[in-house]
Amino acid sequence: MIGMIKRIVSILSIGIISSLLVLEGFAYYISIDRPLAPASPQRSDLNRLITENRTLKEKISRLSPKGVYIVVNTGRNLLYLKKGDKTILEAVISSGSGSILKDPNGEREWVFDTPRGEFEVQRKIRGPTWIKPDWAFIEEGEEIPANWRDRAEEGVLGDYALAFGNGFFVHGTLYTRLLGRNITHGCIRVGDKDLETIYKLSKVGTRIFIF
Amino acid sequence: MPPDLVYSRAIADDEGVDNDLKILRKENLLLGAELRLAQKGASYLLLDPIMKKIYLKNKGIIIREFDIERIRYWREKGLSIEPIPLLKKKTFFYQKRKEIRPQEPKKEIDVADVTDFLGVEDMPYRYTLLFEKGITISVTAKPNKGLIYQLIGTIDSISKHIHHSTILIWNHLWKKNFTIGDLVMNKEDAQALFWALQEGTFIVILEGVSA
């Protein structure tokens, strides 16, 4: 009985291993490169390809930022101020929390992500005033004021702000111990000293790459 | 190899021209693909299997590099070097976004209140990326040190090998384009890559040419 079981197990093992080897062999055969018949090399082809290569590289190079640019890593909450390959400043920041807020009175919904992609500095502001949007009142359970002057809050955005579109800013913060965390409503918060450097070295049109 | 050197070698040695033509053609395809992506405002990926790196780029500049510990792929025929969009990120466990409940006015934000916002450390390190043209890339974190983890990792690797080979053969029989890449990365890079990727991000896979 035991002998028979052993024989069955051996046959099954050999069968499984053989099947796997056949499977592997077939998969390998399907996936190997089958090169096309090589074309006769032509010197004119080579010259054309070299010219094309140079042209493409020049075109790509023209698209890359000249001068200072900013890279924001929202995963690690780091901001790099760069020029070419050189990093001028590395700053700890806070970026969007990814949370959702729903308006209990209506159908509005806000998702607090920092936007990703390429942007540019549109405005530079000294002593910015925060004009609180509707979500800021809803989040705190307060009435939305009718008068826009009641939305203004001084001193919460730090000494400088850089606007990069759609209501998003790089600005200062009172909550410096929360730098390094994903806790904002989408804006990028930076400590005072780093913000001053970024503000002074950037200009309108400075590119910002966020990922 | 810079095209000038290729040209000089071509004059000296005609036998190398065919190979140089091939390399230049592929490099030009890569540059053409990158130029098309760089002209948009969004970030894109270059997967370099030779250097074992993934480059996150925007406008031709590298904004983040991810290291690959190990890469394997199964495909029926060679990949063309062209931008391919990401359709979906798939994982078993999704960290949900926090929903903010409008509430009574808060006095001050405490660090303890912000621990449950989404961060890169909440991202999965074992997931699948589905791209157009039947391309699937599965990403797994390197197993932890320790005999049990290594054993689990080995079993996982073998079962993936069998699964992917079977799928390759199946798709070959049904004449469907199919490519699976299997990447092993360290946990932090795997999480950071998941964080950085959005559906719609384009990838260029540099098969046969290094960036």
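Residues numbered from 1 in each chain as written. Chains lettered and ligands numbered in written order. Predicted model: local features only at pLDDT ≥ 70, side-chain atom pairs only at ≥ 80, totals over all residues. Heavy atoms only, no water.

Enquirer: Explanation requested: the overall build of chain A in the structure shown.
Expert: A count of helices and strands for chain A gives 4 helices and 14 strands. Relative to the 2.2 N^0.38 estimate, which gives 17 Å for 211 residues, the radius of gyration of chain A is 29 Å and therefore markedly larger than a compact globule would have. Overall, chain A is about 85 × 70 × 35 Å in size when its C-alpha atoms are taken along their principal axes. Burial statistics for chain A: of 211 residues in total, 43% are counted as buried. When the accessible surface of chain A is split by element, carbon and sulfur atoms take 55% of a total near 12200 Å². (Helix = DSSP H or I, 4+ residues; strand = E, 2+ residues; numbered from the N terminus. Rg over C-alpha atoms; globule rule 2.2 N^0.38 Å. Buried < 20%, exposed > 50% of the residue type's maximum accessible area, 1.4 Å probe, protein only. Areas by Shrake-Rupley, 256 points an atom, 1.4 Å probe, with all protein chains shown as cover.)

Enquirer: Explanation requested: the confidence of the model for chain B in the structure shown.
Expert: Any region with low pLDDT has predicted coordinates that should not be read closely. Residue and element names in this part refer to chain B. On average, residues of chain B carry a pLDDT of 80, and 82% of them reach 70 or more. Note that residues 1-13 has pLDDT below 50 and, in this model, 20 contacts with residues that lie over four places away or in other chains. Interface confidence in the predicted complex, given as ipTM, is 0.81; pTM for the same model is 0.83. (pLDDT = per-residue confidence, 0-100. Contact = heavy atoms within 4.5 Å.)

Enquirer: Explain the pairing of strand 1 (residues 44-48) of chain B here, please?
Expert: In summary, the side chains of a regular strand alternate between the two faces of the sheet. All names here are of chain B. In terms of burial, strand 1 is largely enclosed, as 5 of its 5 residues are buried. Covered by surrounding structure in strand 1 are Tyr44, Leu46 and Asp48 together with Leu45 and Leu47, the residues of both alternating faces. Relative to strand 2 (residues 53-58), strand 1 is paired through 5 bridges, and the arrangement is antiparallel. Bridge pairing links Asp48 to Lys53 in strand 2. The hairpin formed by strand 1 and strand 2 contains 4 residues between the paired strands, and Lys52 there has a positive phi angle of roughly 55°. Bridge count for strand 1 against strand 10 (residues 202-205) is 4 bridges, and the pairing is parallel. (Pairing = 2+ DSSP bridges.)

Enquirer: Hey, could you run me through the side chain of Asp48(B) in this one?
Expert: Residue and element names in this part refer to chain B. Take Asp48: it is sitting in strand 1. One buried charged residue, Asp48, forms no salt bridge at all, with the nearest opposite charge on Lys53 at 9.3 Å. Within polar-contact distance, the side chain of Asp48 engages the backbone nitrogen of Ile50 at 3.1 Å. For Asp48, the side chain forms a polar contact with the main-chain nitrogen of Met51, separated by 3.2 Å. (Lys, Arg positive; Asp, Glu negative; His and termini not counted. Salt bridge = Lys/Arg side-chain N within 4 Å of Asp/Glu carboxyl O. Polar contact = N/O pair within 3.5 Å; in protein donor to acceptor, adjacent residues only side chain to side chain.)

Enquirer: Whenever I open this one, the packing of aromatic side chains confuses me. Can you help?
Expert: Any aromatic ring pair is given by two values, namely how distant the centres are and how the planes are angled relative to each other. Applying the stated criterion across every chain yields a total of 8 aromatic pairs over all chains. Ring centres 4.8 Å apart and planes at 65° place the aromatic pair Tyr127(B) and Phe194(B) in the edge-to-face group. Of this pair, Tyr127(B) sits in strand 7 (residues 126-131) while Phe194(B) is found in helix 4 (residues 187-196), placing the two residues 67 residues apart along the sequence. We note that Tyr127(B), like Phe194(B), is buried. Taken together, the ring pairs connect Phe112(A), Trp130(A) and Trp135(A) into an aromatic cluster. A cation sits over an aromatic face here: Lys89(B) above Phe194(B), 4.1 Å from the ring centre. (Phe/Tyr/Trp six-rings, centres within 6.5 Å; stacked < 30°, edge-to-face > 60°. Lys NZ or Arg CZ within 6 Å of the ring centre and 35° of its normal.)

Enquirer: Any chance you could explain the side chain of Ser94(A) here in plain terms?
Expert: All names here are of chain A. Residue position: Ser94 is located in strand 3 (residues 86-96). Relative accessible area serves as the criterion here: at 1%, Ser94 is assigned to the buried category. Within polar-contact distance, the side chain of Ser94 engages the backbone oxygen of Arg181 at 3.5 Å.

Enquirer: Would you mind showing me how to read the sheet that holds strand 1 of chain B here?
Expert: Strand-to-strand pairing in sheets goes through backbone hydrogen bonds, with the strands running parallel or antiparallel. All names here are of chain B. Sheet architecture is open: 9 strands sit in the order 3-2-1-10-5-7-8-9-4, paired in mixed fashion. Edge positions in the open sheet fall to strand 3 (61-67) and strand 4 (70-75), since each of these has one partner strand only. The sheet shows a mean angle of 25° between the axes of neighbouring strands, direction not considered. Pairing analysis gives 4 bridges linking strand 5 (residues 84-90) to strand 7, with the strands arranged antiparallel. (Axes fitted to C-alpha atoms, helices over the stretch in contact; angles between N-to-C directions.)

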